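Here's the letter readout for the chains.
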Amino acid sequence: MKIKGTRLFVKALVAEGVDTLFAYPGGMAIDLFDALYGEEDFRVVLPRHEQGLIHAADGYARATGKTGVCLVTSGPGATNLVTGIATANYDSVPLVCFTGQVPTNLIGNDAFQEVDIVGICRNICKYAVTVRRREDLGRIIKEAFYIARTGKPGPVLVDLPKDVQNALGPDEYPAEVAIRGYKPSTGVHMGQLKKAAAMLEGARRPLFLLGGGVLVAGAGKAMTALAERLGVPVVTTIMGKGALPADHPLYIGNMGMHGNVASNTAVSECDLLFSIGTRFNDRITGKIEEFAKGAKIVHIDIDAASISRNIVVDVPIVADAKEAIEKLAEIALPPKHAEGWAERLRALKAQTPLAMERTGDLCPQDVMEAIDAAFPEAVFTTDVGQNQMWATQFLQLKGESRLLTSGGLGTMGYGLPAAIGAGLGRPDLPVVCIAGDGGFQMNEQELATAVCEELPVTIVILNNSYLGNVRQWQEMFYGGRYSCTCLRKRRSCGPWCSSPSAKCPPYVPDFIKLAASYGIEGIRVTERGQLADAFARAKSNTKAPTLIECIIDREADILPMVPGGNALSDMITEYKKEGK
């Protein structure tokens, strides 16, 4: 039996177990949307912008462990996916992105809304392909899902010309995949793993460093059990936060540019750094020549290309994190000579806690602690900037809690749509979006999506009237010249300024009135004593989002901080602006 390509497309999604499709229509995808009409096997979600759409698919994938799926039209519909594809690629998120395309006979002729989206995305995704023949459609879609979720997960783009969509062809959808040249690594090299286990047993100051790969592999519980059996302390990257419960006695905290003193000290002083699922990017290593200078390094990662790319390691192991951890648990013995090491790090952590000065009416730490109290288990999403760093510093992830954030690309505008995707994928957990006032405005239109999907997402905006992360750098390293970071500045303000004052114009927009325009409750918090009531009100709104705007110190900083290019030991733990 022969069917149109559009019907095979729908059949393929059902066969792949898709339950949520994030989709925005247009001319070169209209036939696919016609085939979706009346479909009851999965939900079709209509966001308000394609960038919001792909971030929502990303948040869905991270929150559920499934493959996120999205569909857009050609031209600007496709190019609006680019930032989201790169975001997912950096953070190893499995996505399958379908784009409509002009008919094959028009490709290359500068047709209306034609772009070479495959060429554009080739370097920022795992695989990109244009389907040129109807008979290849089923096979290519099957391969797309397989590639996206196997090995190191990542985004795959499938470009669908309009004539291929409408052509008749076989109705069979393949049950198996055989891709020549693509053989994801399976199994663990036991020789290398035994060598690493022997190094662990002989180390005096061993340390586990866990990255996002541990969470991608679903290895948190296995890793916790291994650390407990061996008694080895653990630090994480911000992407690995949550691999161990925040209150676990072996968990020292996040390390890196805004890591705590104890974690960065642990990396600098360990004699064995046993790293799992991290790329060792510059935000983690600081000055490469000084990174874990006296340590032997073991590196487990699913991606062979990530090993020894930034940091040369002593024992490379290409393997899935969960499988490697489980195999290591079978053979590893506790270190023989590490007495007092974990205790010393715990003591240092207690002596140098992460803490902000609570001199004003409301500080970011107050907000994070109130979120923890109100939501002991939740999916937390963040935007990018200071709000992200404060969340990674102060949120105490426990139980089923997850933190979804753009780590590799640092994409502003990620938080709200990711929260929508997470809410659709995990209706069993509360979802809290933490955003800055700048990043929130990049995709604030997705409030409409949250309203239409009746999602009780709690949105927390930390409003300091600045693009705060860049402002902090300008304050500390550029003589306080606040160039294009003040979100209150108007043309009539006159000369460039270096400090806020009572004369500054009012903030635009008024977020409470914005919330009202979407028909949702908006709450402005100016004092720490108002936080508990605000979150209680948010939790009572079970069929709609709630927006909570927290007015914080306009010049609040993130500390500790390791300036770019410095060693992890060169942390700035205190900073006073001149005149304050």
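The name given to the chain in an unreviewed UniProt entry is Acetolactate synthase, with Candidatus Borkfalkia faecigallinarum as the source organism. Under the UniProt heading Sequence similarities (unreviewed entry), the entry covering the chain gives this text: "Belongs to the TPP enzyme family." A UniProt comment under Catalytic activity (unreviewed entry) is attached to the chain, and it reads "2 pyruvate + H(+) = (2S)-2-acetolactate + CO2".

A. Geometry of the pattern of salt bridges. Within this structure, the stated rule accounts for 27 salt bridges. Between E290 and K293 there is a salt bridge; the shortest N-O distance is 3.5 Å. Look at the salt bridges and you will find they share partners, linking R133, E135, D136, R139 and E143 into a network.

B. Quick look at helix α3 (residues 50-64). Relative to the 21 Å expected for 15 residues at 1.5 Å per residue, α3 spans 21 Å between its end C-alpha atoms, a close match to the ideal helical length. Judged by how many residues are buried, α3 sits mostly within the fold: 14 of 15 residues are covered. Just downstream of α3 lies G65, where phi reads positive at about 80°.

C. Quick peek at the nonpolar core. Judged by nonpolar contacts, the single largest core of 50 residues is most densely connected at F22 and F440. Per element, the largest residue contribution to this core is seven residues, and it comes from α3. With residues up to four places along the chain from it excluded, the contact list for F440 reads D383, L416, A435, L447, I459, I461, F511, L514 and L547. Among the nonpolar cores identified, the runner-up in size contains 36 residues, and V214, M223, A243 and A324 belong to it.

D. Structural context of the side chain of Q386. Mapping Q386 onto the fold places it in helix α17 (residues 386-394). Given a relative accessible area of 3%, Q386 falls into the buried group. Once you skip the residues sitting within four places of it in the chain, Q386 turns out to touch N464, G468, N469, R471, Q472, A556, D557 and I558.

E. Molecular detail of the UniProt feature "domain: Thiamine pyrophosphate enzyme TPP-binding" (unreviewed entry) in the chain. Under the UniProt annotation, "domain: Thiamine pyrophosphate enzyme TPP-binding" (unreviewed entry) lies at residues 383-550. Measuring from the first to the last C-alpha atom of residues 383-550 gives 15 Å, for a span that is 34% helix and 15% strand.

F. Spatial organisation of the sheet that holds strand β15 (residues 379-382). Read across the sheet, six strands follow the order β16-β15-β17-β18-β20-β19 without closing on themselves; strand pairing throughout is parallel. On the outer flanks of this sheet lie β16 (402-404) and β19 (521-525), each paired with one strand and no other. Pairs of neighbouring strands in the sheet enclose a mean axial angle of 20°, with direction left out of account. Across four bridges, the pairing between β15 and strand β17 (residues 431-436) is parallel.

G. Spotlight on the UniProt feature "domain: Thiamine pyrophosphate enzyme central" (unreviewed entry) in the chain. The positions that UniProt labels "domain: Thiamine pyrophosphate enzyme central" (unreviewed entry) are, in the present scheme, residues 193-328. Across residues 193-328 one finds 35% helix and 20% strand; the C-alpha atoms that close the span lie 7 Å apart.

Conventions used here
Residues numbered from 1 in each chain as written. Predicted model: local features only at pLDDT ≥ 70, side-chain atom pairs only at ≥ 80, totals over all residues. Heavy atoms only, no water. UniProt positions renumbered as here; feature names shortened; annotations may be inferred. Salt bridge = Lys/Arg side-chain N within 4 Å of Asp/Glu carboxyl O. Helix = DSSP H or I, 4+ residues; strand = E, 2+ residues; numbered from the N terminus. Expected span 1.5 Å × (residues − 1). Buried < 20%, exposed > 50% of the residue type's maximum accessible area, 1.4 Å probe, protein only. Core = buried A, V, L, I, M, F, W, Y, C linked by side-chain atoms within 4.5 Å. Contact = heavy atoms within 4.5 Å. Pairing = 2+ DSSP bridges. Axes fitted to C-alpha atoms, helices over the stretch in contact; angles between N-to-C directions.

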